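Geometric and topological summary
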Amino acid sequence: MPLFVVCAVLSLAVGCSTPEAPELAVARAGAVVQDANFADSVFVSGLQGPTTMTFAPDGRLFVSEKNGSLRIVQNGQLLATPFVTLAVDTDNERGLMGVAFDPNFASNHYLYVYYTSVAGSIHNRVSRFTANGNVAVPGSELVLADLPTLDAANHNGGAVRFGLDGKLYVSVGENAVSSNSQSLNTPLGKLLRFNPDGSIPTDNPFYAAATGLAKATWAMGLRNPFTFDVQPGTGTLFINDVGEGGWEEINRGQAGANYGWPMTEGYFTNRPELTQPFFAYPHGSGTAAGNCIAGGAFYNPPVSAFPSAYVGQYFFADYTNDWISRIDPNTGARSLFATAAAGPVDLDVGPDGALYYLARGAGQVGRIAYTASLPPSIAQQPASTLVSVGYPATFTVSASGEPPLTYRWQRNGVDIAGATSPSYVLNAAQLADSGARFRVVVTNGLGSATSAEAVLTVTSNKPPVATIATPAAGATYAAATNMLFSGSASDLEDGALPPSALTWSITFHHDTHTHPAMADTTGITSGSWPIPSIGESSANVWYRVRLTVRDSIGLTHTTYRDVLPVTVPLRVTSVPSGLQVLMDGRPFAAPHDTTGVVGVVRLVGVDSPQYANGKFWAFSSWSDGGAQSHTFTTPGSAATYTATFVETSGGSCYQIQSERSDKWLSIDTAGKVVAGSATQAGGQIFQLVPNGTQFKLKGSGDAFLAVVTNQLAMSANFASGESFTRLACGYGGRNRFGFQASSGSAPHWKETTLGGPIQSGDGGNGGACNPADGGAWEGFYLELVACPGGSTGPVCGNGTVESGEQCDDGNTQPGDGCDATCHIETSSSTGCFRIQSERSDQWLTVDGAGKVAALGTTQTGGAIFELVTSGAKYKLKGASGAYLAVVADQLTVNATLTTAEAFTRYDCGIHGGRNRYGFESSTGTARNWKENTTGAPIQSGNGGNVGICNPTDVGAWEAFYLEPATCPTAG
């Protein structure tokens, strides 16, 4: 942070215009390899915003450019005609980002790309093309997957690779919405796995649990997996995940793994349900730290050109700190390999056994080769250059060969005294120097090589001058506004230069690295660029507006202006203090203080219930009136967001009996759960704490149940405890249940070995709740008992359903699905009501088409609906005996009890002394009830999702008043 502040201050002082040579020679890739037996050289230059590269099976190198061009390097030359040029959105991190070749490319000529499509909406797309030599067959694009419409312009991921199983793997970022990484309703924040034709393999680990394209999820919990690689021969898969707060990760790919974003980053403890990174390194400066892992490749070429110690190693790079390292996939031993690589974004191993790196900062591909016993060779020739009188002229060569290499620069064939470096600089060139020829002789103990000659042209013309008028020095910005820019160019010889001489670009800076914002734009003297409100939530950010001008003979000048954000302090806290809050999906202990950029959309939330200081707490409300998890726009002044909790019983307590052995579960001395007690009195008391639709199990003290090496163990706290799904098994007069963990190939509970620890993860999948089947998972009997420690919660069976009481379906309120003895209510009525729309104050009726609309001007004119419980939800029965369903996003009274929609009812609070409720269906993108058009049928499915129960907000879903009524005699 101090470095950032200093740089920002210096940049703003004079607009950061610096005198520089009007035309620079091609720069060397310049990586410094730690082992002197290796040498770096420039393989190819002239790339525009390169993003990734892949060698074709025939040895050609394909390089993706951000602007949508897929370029080919053949025989060391960058071909002028792209293989294909795609229509892409280039904002920020969008563009052409990935390419892979079909394992059968030699026969089918298929290759696969990942890019940001502008077809319809802006979204990332995976497509297949057919090659015809060095170009794609026209019209051969086959779209395999269209990912969701993008909100933010960053965190796209974008790598594509084939596994040894013949499946196509695709890494996808969470699009700066951290909650996407943990949702199985979206493919974002995942590593996806497809068949080569784009269909989804049914053996994907989340195929049954996920929806839509998310069924392709192979691993989850990723933030921005920009690159990954598959090791030839073994199939080992390493995923490079770009971090946010403090760590960069290499994750070993595993089917079904959850790498933990946004709950955790880097190494962690007490999260048994998550997968630790294989290797993580911290943010910071130097070669042991970094800020952006980008590029990874296993060194397993068909013929190795490196010493044997390097074979099988995984090479990876950090884009911001410009280093390349290697790590042993078996031992985790890490070694620094090279430094001073110019912004490496991708690595690959060539068919010649050299390591290639894509240097975005230089627009080059660098080649690092083992050079022992090799004479010198020139990889990048010095370039002819044009300078003004008095400016320096620089000539650079890139060479390789067995070290040490010596350099001897010559002018017009004569050695230049003291010119013995890879670069030669002629300070303050004069007109008399124009036409001079420069070359270099490179020598080692095995021979020498002489470069081509570069010609220096010196002109008396002065370089042009670029001037930025707006943004002004010291300008600031807020998100969701337009960045206005304007400027001019003048030249001593040409006078005022036309708009065609001006080129603008905008770069987004975050901490010590950058993201492209507005691509190079030529031909304008002014313009605007929309600053997004969704994306990076950090406050150590700024924009750099850059203007480059070129005069009639090719001399250039560049200036830039930095624009800092307007920031405000934000606090997220809880009542009582000390509970956990979620800021942008990441957990923090309240109070949590942060800084926000005004106008940026942030996400705040809490988990509920929570356990702290020996008590359970349930979420009640936010101080801004938002839902349990909701977004807010960073205001223009300091703000505090407070989550209020109320104490809750947490759940009912049980002793649990194994059906397989008839013994009661207890805890052994190692903390493992075993069926070890022959009597109920000797059994452990477990408190079942609802966690959404699942349960966490609390034992004695503050210990919670977790799955450790496929066994149940009391080794976690509430936050890290496993959430189990409880499944009804049914049996006579006793409640019989199975429990399922979230991970493992056989995640159900089972007493595999009598008297041994209960298994989960390799327990049972062969059948359901069958003690006679050795391959089946097991049923358990739950016997209700009083909770220990004086914190006994309400229990079932006293004839009254009390507040906080838990029933078989996890409900807590009278009429929410529990009868008086705490069994699930089956089609029982909670009474009849007339329903009034808060938006129009009219009463719901049923029109001639069977649609429900707010048409009744008086209460007696409204239809009577009977609310019938359905688990934790409600089905609504009309006077005709037909039930409410959702047809074409409208409420229709035409269903049976079996086919009726089960609606979730939300308490919207009291207004004018009356209870207000909202209703939500189970399908649609905006599922809440809403009178979109006054007098028209009530909507559900395309109703409202933007806000909650707010009649003054046209985007919000609606509240309704329920007035008790006498049920009709019929029905």
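Residues numbered from 1 in each chain as written. Predicted model: local features only at pLDDT ≥ 70, side-chain atom pairs only at ≥ 80, totals over all residues. Heavy atoms only, no water.

Scanning the chain for helices and strands turns up two helices and 79 strands. The C-alpha atoms of the chain give 33 Å as radius of gyration, which agrees with the globular expectation for 971 residues (30 Å, within 12%). If one aligns the C-alpha atoms of the chain with their principal axes, the spans along those axes are about 110 × 70 × 55 Å. Of all 971 residues assigned to the chain, the portion counted as buried reaches 54%. Sequence-distant contacts in the chain: of pairs separated by 6 or more residues, those separated by 24 or more amount to 57%. Side-chain charges of the chain comprise 52 positive and 76 negative groups, with the mean position of each set lying 2 Å from the other. (Helix = DSSP H or I, 4+ residues; strand = E, 2+ residues; numbered from the N terminus. Rg over C-alpha atoms; globule rule 2.2 N^0.38 Å. Buried < 20%, exposed > 50% of the residue type's maximum accessible area, 1.4 Å probe, protein only. Contact = heavy atoms within 4.5 Å. Lys, Arg positive; Asp, Glu negative; His and termini not counted. Charge placed at Lys NZ, Arg CZ, Asp CG, Glu CD.)

Ordered in space as S1-S24-S23-S22-S21, the five strands form an open sheet in which the pairing is antiparallel. The open sheet has two free edges, formed respectively by strand S1 (32-33) and strand S21 (293-298), since each of these has just one partner strand. (Pairing = 2+ DSSP bridges.)

Our next topic: the state of the cysteines. Enumeration according to the criterion identifies two disulfides in this entry. The disulfide partner of cysteine 653 is cysteine 787, and the gap between their sulfur atoms is 1.9 Å. Note on the cysteine 653 and cysteine 787 pair: the S-S dihedral is about 105°, so by sign convention the disulfide is right-handed. Of the two residues, cysteine 653 is situated in strand S56 (residues 653-658) and cysteine 787 in the loop between strand S67 (780-785) and strand S68 (826-837); the sequence distance between them amounts to 134 residues. Of the two residues, cysteine 653 and cysteine 787, both sit in the buried class. Disulfide pairing is shown between cysteine 832 and cysteine 967; the S-S distance is 1.9 Å. Because the sign of the S-S torsion sets the handedness, a value of about 105° for the bond joining cysteine 832 and cysteine 967 places this disulfide among the right-handed ones. (Disulfide = S-S within 2.5 Å.)

With that out of the way, let us pick up unusual backbone geometry. Of note, the amide linkage connecting valine 575 to proline 576 takes the cis form, showing an omega dihedral of 0°. Tracing the backbone through its elements, the reader meets proline 576 in the loop between strand S47 (567-575) and strand S48 (580-583). One non-glycine residue, alanine 428, lies in the positive phi region at around 50°. As for its position among the elements, alanine 428 is in the loop between strand S34 (423-426) and strand S35 (437-444).

Now for the packing of aromatic side chains. Counted by the stated rule, this structure contains 50 aromatic pairs. Look at phenylalanine 619 and phenylalanine 645: their rings are 6.2 Å apart centre to centre, the planes differ by 80°, and that puts the pair in the edge-to-face class. With a gap of 26 residues between them, phenylalanine 619 in strand S53 (residues 615-622) and phenylalanine 645 in strand S55 (residues 639-648) connect regions that are remote in the sequence. Taken as a pair, phenylalanine 619 and phenylalanine 645 share a single burial class, namely buried. These aromatic residues form a ring-pair network of at least three members: Phe238, Phe278, Phe279, Tyr281, Phe298, Tyr314, Phe316 and Trp323. Lysine 215 extends its terminal NZ or CZ atom over the ring of tyrosine 207, reaching a point 4.7 Å from the ring centre. (Phe/Tyr/Trp six-rings, centres within 6.5 Å; stacked < 30°, edge-to-face > 60°. Lys NZ or Arg CZ within 6 Å of the ring centre and 35° of its normal.)

Bringing the sheet that holds strand S17 (residues 227-230) into the picture now. Spatially, the four strands line up as an open sheet ordered S17-S18-S19-S20, and their pairing is antiparallel. Each edge of the open sheet is held by one strand with a lone partner, namely S17 and strand S20 (279-282). Put simply, the sheet's adjacent strands are angled 10° from each other on average, direction ignored. One ladder, built from four bridges, connects S17 with strand S18 (residues 237-241); its direction is antiparallel. From the neighbouring strand, valine 230 faces S18, where its bridge partner is leucine 237. (Axes fitted to C-alpha atoms, helices over the stretch in contact; angles between N-to-C directions.)

Take the confidence of the model for the chain next. Per-residue confidence for the chain averages 87 on the pLDDT scale, and 91% of its residues sit at or above 70. Low pLDDT (under 50) marks residues 1-29, which in the prediction has 65 contacts with non-local residues, meaning those over four places away or in another chain. Here residues 790-826 is modelled with pLDDT under 50, and outside its nearest four sequence neighbours on either side it reaches 80 contacts, counting other chains as well. (pLDDT = per-residue confidence, 0-100.)

Our focus in this paragraph is the pairing of strand S4 (residues 61-65). When you tally the buried positions in S4, you get five out of five residues, the bulk of the element. Side-chain alternation along S4 places Leu61, Val63 and Glu65 on one buried face and Phe62 and Ser64 on a second face that is also buried. Of the pairings in the sheet, the one linking strand S3 (residues 50-55) to S4 comprises five bridges and is antiparallel in character. Paired with threonine 52 across the strands is serine 64, a residue of S4. Count of turn residues in the S3/S4 antiparallel hairpin: five residues, of which glycine 59 carries a positive phi of about 100°. Taken together, S4 and the strand that follows it, strand S5 (residues 69-74), pair antiparallel across an intervening segment of three residues, in which glycine 68 is found at a positive phi of about 105°.

We now examine the pairing of S55. Sheet topology places S47 next to S55; six bridges connect them, and they run parallel. Among the inter-strand pairings, valine 572 is bridged to a residue of S55, identified as tyrosine 641. For S53 and S55, the ladder comprises six bridges, and the chain directions are antiparallel. Residue pairing in the sheet places tryptophan 617 in a bridge with glutamate 647 of S55.

What follows covers the pattern of salt bridges. In this structure the tally under the stated criterion is 20 salt bridges. In this structure, the salt-bridge partner of aspartate 58 is arginine 60, at a minimum N-O distance of 3.0 Å. For aspartate 58, a relative accessible area of 49% puts it in the partly exposed group. Relative accessible area serves as the criterion here: at 9%, arginine 60 is assigned to the buried category. (Salt bridge = Lys/Arg side-chain N within 4 Å of Asp/Glu carboxyl O.)

For threonine 896, the position within the fold is in the loop between strand S74 (890-895) and strand S75 (904-911). A residue is classified by how much of its surface remains accessible, and threonine 896, at 44% relative accessible area, is partly exposed. Separated by 12 residues in sequence, threonine 896 and leucine 884 place their C-alpha atoms 8.3 Å apart.

Here we come to the environment of leucine 456. Relative to the elements of secondary structure, leucine 456 occurs in strand S37 (residues 454-459). Here the alpha-carbon distance between leucine 456 and threonine 394, two residues 62 residues apart in the chain, equals 9.5 Å. In this structure, leucine 456 is in contact with Thr385, Val387, Ala393, Phe395, Leu426, Ala429, Asp433, Ser434, Gly435, Ala436 and Phe438, ignoring residues within four places of it in sequence.

With that settled, consider the environment of tyrosine 781. Position of tyrosine 781 among the secondary structure elements: in strand S67. Separated by 112 residues in sequence, tyrosine 781 and threonine 669 have C-alpha atoms that sit 24 Å apart. A distance of 3.0 Å separates polar atoms of two side chains, one belonging to tyrosine 781 and the other to glutamate 659. (Polar contact = N/O pair within 3.5 Å; in protein donor to acceptor, adjacent residues only side chain to side chain.)

Turning our eyes to something else, we now look at the side chain of arginine 60. With respect to the helices and strands, arginine 60 occurs in the loop between S3 and S4. Within the structure, the side chain of arginine 60 is placed 3.0 Å from the side chain of aspartate 58, a separation counted as a polar contact. Here asparagine 134 takes part through its side chain, which lies 2.6 Å from a polar atom of the side chain of arginine 60.

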